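Now for the letters of each chain:
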Amino acid sequence: MSKDEVRLSQLVGLFGPGAMVDLPDRSVIIGGLERWEMREGGWKLIDEPRLSLKLQALLQQRTEIDPEQTLTLRTPPLPPRTHGIPPGVAATVFPTWFVSEQVEAFTSGGREGRGRQLVPWSRLDAAGNRKAYVSQTTGKKVSVTPIRFVGACPSGHLQDLNWSGIVHADGVKCRQPLWLEEQGTSGDPRDVTIACECGQSISLVQASAPGRLGKCRGSSPWLIGDDEGCQEAHDVSLLIRTATNTYFPQVATVISLPEAESELGRLVQANMNFLAQVTSAQQIAAFRVIEQFKAAFEGYGDDEILAALNQIREGAAADGQAPIKVAEFDRLAQGDPQIGRNEPTSRFYAETLPRAAWDDGRSTGRFIRNVVAVHRLREVSALYGFTRLEPAPTQDDGELEDIRLAVSGAPLAKETSWLPAIEQLGEGLFLHFDEREIQSWMLRPEVKERATALQVAHDKWWGDRKATSEAPPAPGIAYVLLHTLSHSLLTQIALDCGYPASSLKERVYAIAGNRGAAPERCGILIYTASPGAQGSLGGLAGVAQRILSILDEALESQLICSSDPVCADHVPGEGSGDRSLLGAACHGCQLIAETSCEARNLYLDRNLIVATMAASSSLPFFLSGR
């Protein structure tokens, strides 16, 4: 991959519109969707009605699309199949302030110092393949790097800081050169000072004081058009350009479900690239001039095809009314020997294994109702916004992130009619846990006490954010139990099936009819998905028949952590930031790759699954009968 390229999956994630990307000689910000080269044939339509209907409703609620607008999902620009210039994604240089790579002596108000000069983009000249400026002291060209500090606000706006205005807080307009002085090598803002040759200076700690950087201008350099101002009139916050809190993508992910039952329905599903926008039989007739389409639907009338298409759409709309995870769980846990069809074009195919195939008599088997080997699945992920400074809360029922923090979701474009998405194929393993066992476990006094502690920790975490809106609901102790077990299984399965742990993902189902009630649907899906025609090696689905031995090994691995007793003794609510949402969980036992976890490594507590050195006698779910 070229040094100035990013993968499609990165564009629907950490490098989406509004994200800053480091190039060898500058930093750029990825342009909004209007600036993507989506010329005819340069992208692929992704058909996933459940997801597109959910996102369409959300963006209409945000007033980002017209109420009558039909939202589509498209891949980012794809490379051409023949030789030619590939379509790309426009990017803008940001920030436009640079710092010299050469340390020089300077005089500031009679004080001598050593630092690196701040230079705006407009003063730079070409020096080979890099940008440089002419040093005033040596007269030679000096290479530069982008400054590490920018300004942001909770509405997602991003702007270059007015360094001269910040240094000269009294409003004096000074044209003297600015210098960046650093003490030590850590790069910590406490060790960084911006100095002007006129004698004024300010440390970045002082600049970070509330209101010191001024009000947000509403700058959105990734979008086309003038800045419209910040409606909330937020104070600008100092942001380190390469920090993780500069960009939190909002990505919605669904597992495609089998919708078509008839042969014609399956043909329609396989040819959605032609039929996705069709609304009449006349449009279908027009497609028959295409040889591929004509051969696929030989013997079927235009009205028949339209009826089958509408039936699929109606089924997707019905599924779209239910929460995303509810529809997925109900299909996975339906108990049929075969779910979907075992065909090359099938989006989903799974087998519910007979109990004799996986239950070898171990005591942990009584906690599991069904084991489903998912031989083929399709994951579709779409980017629909992003936040800065803080991530949006995760939703345990799989619904789209509801922004309720002191931050707002920023748009991907001035006018939105489509969203970037990717589809990936793979395989998985689904465990349907006995809801009665979990409900009985939740009635134990020790479990109720721990549930209260987790709820208090959640409320404290929310209060620390000083948000003015109502707190999002805590996921509940059943979710924490299954989420912790999922991380344990994911790590153990990776050792068994041959996939690296970072390539595995999870979906945790702990769904109750009403908030705060005992869950009515309990399960874990561990899967892998990757671009390409197959996306599967078969090793993950093959684990299904050995699941009880793997489960026992996973539980045993959680008894002792390398950080015990500190890890086991950690109480929810203690510690700062996201750490307060964790019980007994740390990098030595529970935390996994961020790309694998659906909840950003939050809501974990191994005291709930095994008898650690700190767990009370009847708190662990798997204590009885082991």
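Our subject in this report is the structure included herewith. (Residues numbered from 1 in each chain as written. Predicted model: local features only at pLDDT ≥ 70, side-chain atom pairs only at ≥ 80, totals over all residues. Heavy atoms only, no water.)

Here we look at the overall build of the protein chain
Scanning the protein chain for helices and strands turns up 16 helices and 24 strands. Out of the 626 residues in the protein chain, the part that is buried amounts to 51%. Sequence-distant contacts in the protein chain: of pairs separated by 6 or more residues, those separated by 24 or more amount to 70%. If you sum the accessible surface of the protein chain, you get close to 27,800 Å²; carbon and sulfur atoms cover 49% of it. (Helix = DSSP H or I, 4+ residues; strand = E, 2+ residues; numbered from the N terminus. Buried < 20%, exposed > 50% of the residue type's maximum accessible area, 1.4 Å probe, protein only. Contact = heavy atoms within 4.5 Å. Areas by Shrake-Rupley, 256 points an atom, 1.4 Å probe, with all protein chains shown as cover.)

A closer look at the nonpolar core
Counting 57 residues, the largest nonpolar core has V371, F433, I438, L485, L489 and I493 as the members making the most contacts within it. The dominant element in this core, judged by the number of residues it contributes, is helix α14 (residues 477-497), at 12 residues. Among the nonpolar cores identified, the runner-up in size contains 42 residues, and A19, V21, L412 and A413 belong to it. (Core = buried A, V, L, I, M, F, W, Y, C linked by side-chain atoms within 4.5 Å.)

Brief notes about the sheet that holds strand β17 (residues 237-240)
The pairing of strands in a sheet comes from backbone hydrogen bonds and takes either a parallel or an antiparallel form. The antiparallel open sheet is built from three strands, whose spatial order is β13-β12-β17. Each edge of the open sheet carries a strand with a single partner, namely β13 (158-159) and β17. As paired strands, strand β12 (residues 149-152) and β17 are joined by four bridges and run antiparallel to one another. Paired with A152 across the two strands is S237, which belongs to β17. (Pairing = 2+ DSSP bridges.)

Regarding the packing of aromatic side chains
Counted under the stated rule, the structure contains 12 aromatic pairs. Ring geometry for F367 and F622: centres 5.1 Å apart, planes at 75 degrees, overall edge-to-face. Taken together, the residues F367 in the loop between α11 (355-358) and β21 (368-387) and F622 in the segment after α16 (566-569) connect sequence positions 255 residues apart. An aromatic cluster is built from F367, W441, F621 and F622, whose rings are joined through pairwise contacts. Above the ring of W43, the side-chain terminus of R74 is found at 4.3 Å from the ring centroid. Sitting over the face of the ring of Y509, K325 holds its NZ or CZ atom 5.7 Å from the ring centroid. (Phe/Tyr/Trp six-rings, centres within 6.5 Å; stacked < 30°, edge-to-face > 60°. Lys NZ or Arg CZ within 6 Å of the ring centre and 35° of its normal.)

A word on the pattern of salt bridges
Enumeration according to the criterion identifies 22 salt bridges in this entry. Of the charged contacts in the structure, one is a salt bridge between E423 and K44, with a shortest N-O distance of 2.7 Å. With E423 in strand β22 (residues 418-433) and K44 in the loop between β2 (27-30) and β3 (45-46), this residue pair connects regions lying 379 residues apart in the sequence. For E423, a relative accessible area of 24% gives the class partly exposed. Close ionic contact of R347 with D47 constitutes a salt bridge, the shortest N to O distance being 3.0 Å. In this pair, R347 is assigned in the loop between β19 (338-340) and β20 (349-352) and D47 in the loop between β3 and α2 (49-61), connecting sequence segments 300 residues apart. Neither R347 nor D47 differs from the other in exposure class; each is buried. Taken together, the shared-partner salt bridges connect K44, E48, R378 and E423 into one network. (Salt bridge = Lys/Arg side-chain N within 4 Å of Asp/Glu carboxyl O.)

Some points on α14
Because each turn of an α-helix spans 3.6 residues, side chains separated by three or four positions end up pointing in the same direction. Taking 1.5 Å per residue as the helical rise, α14 with its 21 residues ought to reach 30 Å, and the 29 Å between its terminal C-alpha atoms agrees with that figure. Of all the 21 residues making up α14, 18 are buried; the element is thus mostly covered by neighbouring parts of the structure. Looking one or two residues beyond α14, the residue adopting positive phi is G498, at roughly 100 degrees. (Expected span 1.5 Å × (residues − 1).)

Quick look at the side chain of D434
Positionally, D434 belongs in the loop between β22 and α12 (435-442). Those residues in contact with D434 that lie beyond four places of it in its chain are R366, F367, I368 and R369.

Points about the sheet that holds strand β5 (residues 91-93)
The three strands are arranged β1-β2-β5 in an open sheet whose pairing can be described as antiparallel. With partners counted over all chains shown, the strands left at the sheet margins are β1 (20-22) and β5, one partner each. Sheet twist, expressed as the mean angle between neighbouring strand axes with direction ignored, is 35 degrees. Two elements, β1 and β2, share three bridges in a ladder whose sense is antiparallel. Bridging across to β2, D22 finds its partner in S27. (Axes fitted to C-alpha atoms, helices over the stretch in contact; angles between N-to-C directions.)

Some points on the pairing of strand β23 (residues 504-511)
The buried fraction of β23 amounts to eight of the eight residues, a majority that puts the element mostly inside the structure. Burial along β23 is two-sided: L504, E506, V508 and A510 and K505, R507, Y509 and I511, pointing in opposite directions, are all buried. As paired elements, β23 and strand β24 (residues 521-530) share eight bridges and run antiparallel to each other. In the strand pairing of β24, I511 is matched with R521.

Observations concerning the environment of Q60
Structurally, Q60 can be placed in helix α2. For the pair formed by Q60 and L71, sequence separation is 11 residues and the distance between their alpha carbons is 9.9 Å. In contact with Q60, other than residues within four places in its own chain, are I65, D66, P67 and Q69.

As for unusual backbone geometry
Negative phi characterises most residues that are not glycine, and trans characterises most peptide bonds. In this structure, P95 follows F94 across a cis peptide bond, with omega equal to 0 degrees. By the element assignment, P95 lies in the loop between β5 and β6 (97-100). Residue P565 follows D564 across a cis peptide bond; omega there is 5 degrees. Along the chain, P565 turns up in the loop between α15 (547-557) and α16. Not every positive phi belongs to a glycine, and Y603 is a case in point at roughly 60 degrees.

Overview of the pairing of strand β14 (residues 178-182)
Among the five residues that make up β14, four are buried, leaving the element largely enclosed by the rest of the structure. One ladder, built from three bridges, connects strand β8 (residues 111-120) with β14; its direction is antiparallel. By the bridge assignment, R116 is partnered in β14 with L180. With five bridges joining them, β14 and strand β15 (residues 192-196) adopt antiparallel strand pairing. From the neighbouring strand, W179 faces β15, where its bridge partner is A195.

With respect to the packing of α14 against α15
At a minimum axis distance of 9 Å, the contact between α14 and α15 shows a crossing angle of 115 degrees. You can see that α14 and α15 cross each other, and the crossing is right-handed. Residues L485, S488, L489, Q492, I493 and D496 of α14 form the contact with α15, whose own contacting residues are I547, I550, L551, E553, A554, L555 and S557. Taken together, the residues of the contact of α14 with α15 sort by class into eight nonpolar, three polar and two charged. (Left-handed = near helix turned anticlockwise from the far one by under 90°. Nonpolar A, V, L, I, M, F, W, Y, C, P; charged D, E, K, R; others polar.)

Overview of the state of the cysteines
The tally for this structure, following the rule as stated, stands at zero disulfides. No disulfide involves C230; its sulfur sits 4.0 Å from the nearest other cysteine sulfur, which is in C153. Its relative accessible area of 13% is what places C230 among the buried residues. In this structure C586 is a free cysteine whose sulfur lies 3.4 Å from that of C561, the closest cysteine sulfur available. (Disulfide = S-S within 2.5 Å.)

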